[in-house]
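For reference, the chains in residue letters:
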Amino acid sequence: MPRGKGTILDDMEQASATAVINARGIVTGWSDGARTLTGYPAQEAVGRSVAALLAEPPSTTAMTALTGTLVLRHRDGTPLRLTARACPLLGSDGAPAGYVITAEPPAAPTLAEQAFQQASMSLSVFDTQQRYLRLNGVACRVMGVPEDVLIGRFFPESVEDAEHSRSFLHNLRLVAETGRPVRYNSWAGAPALNREHAWSIEMWPVKDDSDEVTAVALAAFDSTEQYLAQQRLALLNEAAAGIGTTLDVVRTAEELVELLVPRYADFASVDLLPWVLGAEEPPPDLDEEIVLRRVAHGSVEEGTPGAAVHLGQADTHPPSSPPVRALREGRAVRSQAGEPDFVRWIEDRNTRSPEGRSHREGVHSMIAVPLRARGTTLGVAVGVRMAHPDDYAADDAVLAEELASRAAVCIDNARRFARERSTALALQHSLLPRDLPGQAAVEVAHRYLPSGSLAGIGGDWFDVIPLSGSRVALVVGDVVGHGIASSATMGRLCTAVRTLADVDLPPDELLTHLDDLVTHLATDDTGDEVAELGATCLYAVYDPVSRRLTMAAAGHPPPAVVLPDGTASLVPMAAGPPLGVGGLPFEAVELELPEGAVVALYTDGLIEDRDRDVDHATAELCHALTASAESLDALCDSVLKAVMPEEPSDDVALLLARTRALGADRVATWDIEPDPAHVAGARQAATEQLTAWGLDEESFVTELVVSELVTNAIRYGEPPIQLRLIRDRALICEVSDGSSTSPHLRRAHAYDEGGRGLLLVAQLTQRWGSRQTDGGKTIWAEQPLPPD
């Protein structure tokens, strides 16, 4: 309804700066506040064109929205920036006959405004017609333009016409119409971004006092890193199921290429050393210039026209080329456009295949990763990016090494199957740990002898796995049957044991999970009986601090123990059901060992054979273990010579471990009261202990780790709380409490007061983790120490 002139003038007197203009843009009203703000008295302003009072023309968006920033010229000539809003005056015909304009200097930003502008995520506000009302700094950077350029504009006018834009607009309208919030994820680009990003978007209605929707607000969190991490995990899962479906070398290489293109690379190739495709033994060393044979390649372009080497063709690579560097260094090698090695590599490809030069234009990044399986280098896989906007980064190198590792195992399985008996010796060295991991809990020696029977290689395996708290796991197992199937099952179980050991499960629980896995494998393999996929296993954990050995068996022969006084005996323990039977429990047994005791783990091939008494064989084993020997390696040889049958019908694995102990001078323990006031005392105690150990350089990091872990235990755990420092090959900090709830890393938001403790621990230490105990849990972190 049109307002009377008298009413308008009354309001003008009360407003700080108000003016009235008619439809022709002539000033017809001027408040005292306007005079104070601009310096112009009413008699000088009324009757003039409003344009004559402006220092800059208003923006189109401000004109459309009837709100925005105006720059007036003060009476003294200086520009005056004001926040203005226009209210139309309707004539008798309902059309605007003029406008009442209110203006005031920009107010100092409120705390809420500062929070809005400084938020680390994109924040925007739209009206119910999907026009921009507000954007924070991040949103403006994503859009690539200042806020005032977008204010008042209809959303589709500011973005490309794409599916993600239409989805965004649909959700804006949905919230405005229904008054209900919407949350969804999107993979989309933005005007100022050179690539697509993953977004977690939440939209919610803004309502007035009458519960009417007046605007739609949204927050868009850039979750690209998390999304890409999920994509990498998905790719690894696909690799586990999609690579190695046949025992064919070439087909396995093709499966790797099919997995890489197009999600990981625009072009990918697999080249193998010639001996892999033949019957020769692997050479002891790589030549200066390496010859590789192309077995598979693929591209986003049909027919792979950019390939410089044809399938089946051999190619000689110079020492400086990325593939050769990857083979020699045993790791993924990345190379980007502009780097000398990259330029030489591209020039070499163009020289070799000039007809494909045009298809290599735009190549900006490549990665070469060695194909290594069981300690043997088989070849190299190469990935190249052209259309993909990102260069290969460190995370891509880790993923490439994991994919290449899985593919290499499958290629090696196929190679071994093709070569049959000629692979027996290679299998002995590759399927089992060649260089056991460094650890201080035990001194180890091992032997693995493949069967000489026509049945082929069996499924015996052993492993030594370092655990947290300077503990170590000793594993020995035997898969029923012989041949590739048994070897493959052995590889799965060995990997599963390592994975479960990393979770720090007790021996009996670990075997329960392993039993479930074998049952699952038997169910998946149609046509095979469960017994054919059975296995036995002995899993033992030794703690050098308490000198206690905890073990459980699944149908496996018990270990023998030789004490320092020379007495030897079998450990009395329940054999337990074999893996794959299912539904039956496993029992753990624990014993305390003196330092220097020798534990012998073995497979049944050592003591069992046709026409041989097992009791007599175990007695021979115990006697042989008491023989004097210069070293554990020498003892291994003497035991095998004394106990093993002349022509064993099964594989033989023997693992000897001599126990060590960490004395009280290398372990420090404190009981902590569940009071935050005691955190400082825990830090001080740890610092003093490090000084006593001569480890002052580690004090800073250790103080932070102790502070975070003890604080978390007090705040979120339950008493009793205990702090323990162990000086081993690494400096280990452990905090135990009575709660069984395991911690986890989380991403703290910009204004969160907490949530960064474990992230700090993870960044400052070499590795960290948690393990369940009988009385709760233990959180541990390790720092590397310089060698003594």
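Note: the structure precedes this text.
Because the structure is a prediction, the values reported are computed rather than measured. Residue positions are counted from 1 within each chain, in the order its sequence is given. The model is predicted, so local features are restricted to residues of pLDDT at least 70 and side-chain atom pairs to those at 80 or more, both for listing and for counting; the totals for chains, interfaces and linings are taken over all residues. Values shown for side chains rest on all heavy atoms present in the structure; no hydrogens or waters enter the calculation.

Q: What is the right way to look at the packing of aromatic side chains in this model?
A: Two rings from Phe, Tyr or Trp (for Trp, the six-membered ring) form a pair when their centres are within 6.5 Å of each other. A pair whose planes differ by under 30 degrees is stacked, one over 60 is edge-to-face, and the rest are tilted. This structure, assessed with the given rule, holds eight aromatic pairs. Centroid distance phenylalanine 126 to tyrosine 132: 4.6 Å. Interplanar angle 40 degrees. Geometry classified as tilted. Each member of the pair, phenylalanine 126 together with tyrosine 132, is buried. A connected cluster of aromatic rings, assembled from ring pairs, spans Phe126, Tyr132, Phe155 and Phe168. Should the NZ of a Lys or the CZ of an Arg lie within 6 Å of a ring centre and within 35 degrees of the ring normal, that charge is described as sitting over the ring. Positioned above the aromatic ring of tyrosine 264 is the side chain of arginine 385, whose terminal nitrogen or guanidinium carbon lies 5.5 Å from the ring centre. Remark: exposure states derive from per-residue accessible area (1.4 Å probe, protein chains only) relative to the maximum for the residue type, with buried under 20%, exposed over 50%, and partly exposed in between.

Q: Help me out: how do you make sense of the nonpolar core in this one?
A: The nonpolar side chains of a soluble globular protein tend to be buried with one another. The biggest cluster of nonpolar side chains holds 57 residues, and the ones touching the most others in it are Leu256, Tyr264, Val270, Leu272, Leu371, Leu378 and Leu403. The numbering of helices and of strands both runs from the N terminus, where a helix is a DSSP run of H or I of at least 4 residues and a strand a run of E of at least 2. With ten residues, the single largest contributor to this core is helix H13 (residues 394–419). Whether two residues touch is decided by their heavy atoms; if any such pair falls within 4.5 Å, the residues are in contact. Sequence-distant contacts of leucine 272, defined by excluding residues within four places in its chain, comprise Val249, Leu277, Leu292, Arg293, Val295, Leu371, Leu378, Gly379 and Ile411. For our purposes a nonpolar core is just a set of buried Ala, Val, Leu, Ile, Met, Phe, Trp, Tyr and Cys residues, chained together by side-chain atoms within 4.5 Å. Among the nonpolar cores identified, the runner-up in size contains 27 residues, and Leu135, Val138, Ile151 and Val182 belong to it.

Q: Would you explain empty space enclosed by the protein in this entry?
A: Empty space among the atoms becomes apparent when a probe as large as a water molecule is rolled across them. Residues are said to line a cavity or pocket when one of their atoms sits within 4 Å of a point; the points come from a 1 Å grid over protein atoms alone, cavities being sets where a 1.4 Å probe fits but cannot get out and pockets being open sets with protein on both sides within 12 Å along at least five of seven lines. Grid points are joined across faces, edges and corners, and a volume is the space filled by probe spheres set on the points. Tallied over the entire structure, the rule returns three cavities of 30 Å³ or more. Approximately 230 Å³ is the volume attributed to the largest cavity. Lining the largest cavity are 20 residues; nearest its centre among them are Phe267, Gly306, Trp345, Arg349 and Val384. Breaking the lining of the largest cavity down by element, the ones donating at least two residues are strand S11 (267–272), strand S12 (290–299), helix H12 (340–352) and strand S16 (376–385). A class-by-class count of the residues in the lining of the largest cavity yields ten nonpolar, five polar and five charged. Reported here for the second largest cavity is a volume of approximately 180 Å³. What lines the second largest cavity is a set of 16 residues, and nearest its centre among them are Ala19, Trp30, Leu72, Ile101 and Ala103. Every element with two or more residues in the lining of the second largest cavity is listed here: strand S1 (18–22), helix H2 (32–38), strand S3 (67–73), strand S4 (79–90) and strand S5 (96–104). Sorting elements by how many residues they give to the lining of the second largest cavity places H2 first, with three residues. Under the convention adopted here, Pro, Cys and the residues Ala, Val, Leu, Ile, Met, Phe, Trp and Tyr are nonpolar, Asp, Glu, Lys and Arg are charged, and Gly plus all remaining residues are polar.

Q: Can you walk me through a negative patch on the surface in this structure?
A: Where like charges cluster on the molecular surface, the negative patch consists of Asp285, Asp287, Glu288 and Glu289. Looking at the secondary structure, you find aspartate 285 in the loop between S11 and S12. Within this analysis, patches are made of residues with over 30% relative accessible area and no salt bridge. Like charges are joined at 9 Å or less; nonpolar side chains (Val, Leu, Ile, Met, Phe, Trp, Tyr) at 5 Å or less. For accessible areas, the Shrake-Rupley method is used with a probe of radius 1.4 Å. Any residue's cover is judged against the shown protein chains and nothing else. Here, a salt bridge means any side-chain nitrogen of Lys or Arg that lies within 4 Å of a carboxyl oxygen of Asp or Glu. The charge count includes Lys and Arg as positive and Asp and Glu as negative, but it does not include His or the ends of the chains. Lysine's charge is taken at NZ, arginine's at CZ, aspartate's at CG and glutamate's at CD.

Q: In this structure, what is going on with the pattern of salt bridges? I would like to understand it.
A: Any two side chains of opposite charge can pair, on the condition that their charged atoms come close. In the structure shown here, the tally under the stated rule is 38 salt bridges. Linking glutamate 592 and arginine 548 is a salt bridge whose minimum nitrogen-to-oxygen distance equals 3.2 Å. Note that glutamate 592 is positioned in strand S24 (residues 588–592) and arginine 548 in strand S21 (residues 548–554), a separation of 44 residues in sequence. Here glutamate 592 falls in the partly exposed class, since its relative accessible area comes to 43%. In this structure, aspartate 737 and lysine 777 form a salt bridge, with 3.0 Å as the shortest nitrogen-oxygen distance. One end of the pair, aspartate 737, is in strand S29 (residues 730–737); the other, lysine 777, is in strand S31 (residues 776–784), with 40 residues separating them in the sequence. Here the salt bridges share partners, and the residues they tie into one network are Arg325, Glu329, Arg331, Asp341 and Arg344.

Q: What should I look at first to understand the packing of helix H19 (residues 679–693) against helix H20 (residues 699–716) in this one?
A: Helix-helix packing is characterised by the crossing angle of the two axes and by the distance between the axes. Contact pair H19 / H20: the axes reach a minimum separation of 9 Å and the direction vectors enclose 145 degrees. For the element pair H19 and H20, the recorded crossing hand is right-handed. Contact with H19, carried on its side by Val679, Ala682, Arg683, Ala686, Thr687 and Leu690, involves Ser699, Thr702, Glu703, Val706, Ser707, Val710, Thr711 and Ile714 of H20 and no other residues of that element. For the contact of H19 with H20, the per-class residue count stands at seven nonpolar, five polar and two charged. The axes are straight lines fitted to the C-alpha atoms, using for helices just the contacting stretch, and the angles between their N-to-C directions are given from 0 to 180°. Helix crossings get a hand from a simple test, with the near helix turned counterclockwise from the far one by less than a right angle marking a left-handed crossing and a clockwise turn marking a right-handed one.

Q: Can you walk me through unusual backbone geometry in this structure?
A: The general pattern is negative phi for most residues beyond glycine and trans for most peptide bonds. Along the chain, valine 261 connects to proline 262 via a cis peptide bond; the corresponding omega equals 5 degrees. Structurally, the position occupied by proline 262 is in the loop between helix H10 (249–260) and S11. We note that serine 470 has phi near 65 degrees; this positive angle belongs to a residue other than glycine. Among the structural elements, serine 470 can be located in the loop between strand S18 (458–466) and strand S19 (472–482). Of note in this structure, aspartate 504 is not a glycine but carries a positive phi near 65 degrees. Assignment of secondary structure puts aspartate 504 in the loop between helix H15 (484–502) and helix H16 (507–524). Taking the relative accessible area as the measure of exposure, aspartate 504 reaches 10% and is therefore buried.

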